[in-house]
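# An overview of the molecular structure
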Amino acid sequence: MTTQNKSRRIEQLIEVLADGEFHSGERLGEQLGGISRTAVNQYIETLQQLGLEVFRVSGKGYRLASPLQLLHQQQIQDYLVAEKIELPLELQRVVTSSNDVVKELRVANPTAGLTVLAEAQTAGRGRRGRQWHSPFGTNLYLSMYWPLARGLSAAMGLSVALGVGIAELLDSAGVQNVQVKWPNDVYVNNKKIAGILVELEGHASEAAHVVVGIGLNLSMPSATKNIDQPWTDLASELPTALNRNYWAAKMVSECYRRLQAYDSDGLTPMLASWQRFDKFYQKPVTLVMGNKNVVGRALGIDDDGALLVERNGQVERFHAGELSIRDVAEV
Ligand code: BTN
């Protein structure tokens, strides 16, 4: 059995089970090209490893905990055409990390906006070497290639720009209490809903190649564990039902337009919006940089996307670090 055939069978199995109804092992075996029930069971285990919740009830067969809305490339392209966005887009089912796929594809096709969407990531990564929980068919894993003509120094502002873009998008869809956390996390009701990972290739002085990766929680499986911070998903926060293909296209178009706007006008026109959503604005904070802690009052960001912290009556700029609210009783 080639890896390609195996992947094809996994995809077929997911497509059949996506309706959330029971399917007998025998019938599934036939639909997968005449394989045994033991083999079906092995494929089911693979689905479970991909984060899908599959139940087995004797006499009835297998079913998913809830129906899946799979992503469809054509539907996403149609939405993008309606928004007048033209870019190369590839939808893949299971990848290690969508950022890695973009890095490979951009070698042959270095088009600004080249995008990969994935249904699941087996090695999804977040900032600071953290793992990004990436179960199948529920959230959004999006990566886009962007050349930064102004070089690597423009990268910090770029991640801030994307954070504001996502915050505005969620807010305009009716999500309440959207906030951004410097440099580029998006929160709703104090729980993380989206993260951005900007990966750079190139040297400080020359044009840089950037891959931006965005993870947006759409409908995290209810059994999700092992996430080390409070999180939420769009299905829980939206006032209306969620359409994954629509949101995939919305996110692609928002990122593309944001990156274009940042290229042409920089961050300055977005600063007011950042301040509106800034979770820590005017708050007492601690910025952890390696083994150094900076304590002070957060005053938003400057035109480059650097964090402004007031301490001892002086405003200082910071380009890196992990920010948290400080309990004023600590000092
Ligand atoms: C973070 O908040 O730490 C950033 C998370 C970024 C996750 C996305 S999902 C798509 C892309 N592929 C990855 O492996 N990571 C990013």
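Residues numbered from 1 in each chain as written. Predicted model: local features only at pLDDT ≥ 70, side-chain atom pairs only at ≥ 80, totals over all residues. Heavy atoms only, no water.

For the chain, the name recorded in an unreviewed UniProt entry is Bifunctional ligase/repressor BirA, with Pseudidiomarina planktonica as its organism. Here the chain is described in UniProt, under the heading Sequence similarities (unreviewed entry), as follows: "Belongs to the biotin--protein ligase family." (UniProt positions renumbered as here; feature names shortened; annotations may be inferred.)

### Points about the packing of aromatic side chains
Following the criterion strictly, the structure yields 3 aromatic pairs and no others. Taking the centre distance of 5.6 Å and the plane angle of 80° together, the rings of Tyr-79 and Tyr-246 count as edge-to-face. Here Tyr-246 lies in helix α8 (residues 244-265) and Tyr-79 lies in helix α4 (residues 73-82), a separation of 167 residues in the sequence. Ring plane angle 85° and centroid distance 6.2 Å describe the contact between Tyr-246 and Trp-247, whose orientation is recorded as edge-to-face. A relative accessible area of 34% means that Tyr-246 is categorised as partly exposed. With a relative accessible area of 4%, Trp-247 lands in the buried category. An aromatic cluster is defined as three or more aromatic residues linked by ring pairs; in this entry it consists of Tyr-79, Tyr-246 and Trp-247. (Phe/Tyr/Trp six-rings, centres within 6.5 Å; stacked < 30°, edge-to-face > 60°. Helix = DSSP H or I, 4+ residues; strand = E, 2+ residues; numbered from the N terminus. Buried < 20%, exposed > 50% of the residue type's maximum accessible area, 1.4 Å probe, protein only.)

### Side note on helix α1 (residues 3-17)
With 15 residues, α1 should cover 21 Å at 1.5 Å per step; its first-to-last C-alpha distance of 21 Å lies within 8% of that length. In this structure, the buried side of α1 is in contact with α2 (25-31), α3 (37-49) and β2 (61-64). (Expected span 1.5 Å × (residues − 1). Contact = heavy atoms within 4.5 Å.)

### Structural notes on the site of the ligand
The environment of the ligand is made up of 20 residues, and the closest members are Ser-97, Gln-121, Arg-125, Arg-127 and Lys-192. In the environment of the ligand, a nitrogen atom lies 2.9 Å from a nitrogen or oxygen atom belonging to the side chain of Gln-121. Taking 420 Å² as the accessible area of the ligand by itself, protein coverage stands at 99%. The set of elements that each furnish at least two residues to the shell around the ligand consists of α5 (98-108), β5 (140-148), β8 (191-201) and β9 (208-216). Counting residues per element, the shell around the ligand draws most heavily on β8, at 4 residues. Among the residues forming the shell around the ligand, the class breakdown is 6 nonpolar, 10 polar and 4 charged. (Near = heavy atom within 4 Å. Polar contact = N/O pair within 3.5 Å; in protein donor to acceptor, adjacent residues only side chain to side chain. Areas by Shrake-Rupley, 256 points an atom, 1.4 Å probe, with all protein chains shown as cover. Nonpolar A, V, L, I, M, F, W, Y, C, P; charged D, E, K, R; others polar.)

### Focus on the UniProt feature "binding site: biotin" (unreviewed entry) in the chain
Taking the numbering used here, the UniProt-annotated feature "binding site: biotin" (unreviewed entry) corresponds to Ser-97, Ser-98, Asn-99, Gln-121, Arg-125, Gly-126, Arg-127 and Lys-192. Tracing the backbone through its elements, the reader meets Arg-125 in the loop between β4 (115-121) and β5. For Arg-125, a relative accessible area of 29% gives the class partly exposed. Aside from chain neighbours lying at most four places away, what touches Arg-125 is Ser-97, Asn-99, Asp-100, Lys-103, Arg-130, Gln-131, Trp-132, Leu-197 and Glu-199. Of note is the side chain of Arg-125, whose polar atom sits 2.6 Å from the side chain of Asp-100. Summarising the element assignment, Arg-127 is placed in the loop between β4 and β5. Excluding its chain neighbours within four sequence positions, the residues that come into contact with Arg-127 are Pro-183, Asn-184, Asp-185, Ile-196, Leu-197, Gly-321 and Glu-322.

### Overview of the packing of α4 against α8
One can describe the packing of α4 onto α8 by two numbers: an axis separation of 9 Å at closest approach and a directional angle of 50°. In terms of their interaxial angle, α4 and α8 are classed as oblique. Crossing handedness for the pair α4 and α8: right-handed. Here Gln-75, Ile-76, Tyr-79 and Leu-80 of α4 lie close against α8, whose contacting residues are Asn-245, Tyr-246, Ala-248, Ala-249, Val-252 and Ser-253. Looking at the contact of α4 with α8, its residues break down into 7 nonpolar, 3 polar and no charged. (Axes fitted to C-alpha atoms, helices over the stretch in contact; angles between N-to-C directions. Parallel < 35°, antiparallel > 145°, perpendicular 65-115°, else oblique. Left-handed = near helix turned anticlockwise from the far one by under 90°.)

### A word on the packing of α1 against α3
To characterise two packed helices, one gives the angle between the axes of the helices and the distance between these axes. In the contact formed by α1 and α3, the axes pass within 10 Å of each other and the chain directions differ by 80°. With respect to each other, α1 and α3 are oriented roughly perpendicular. Contacts between α1 and α3 involve Lys-6, Arg-9, Ile-10, Leu-13, Ile-14 and Leu-17 on the former and, on the latter, Tyr-43, Ile-44, Thr-46 and Leu-47. Its residues assigned to classes, the contact of α1 with α3 shows 7 nonpolar, 1 polar and 2 charged.

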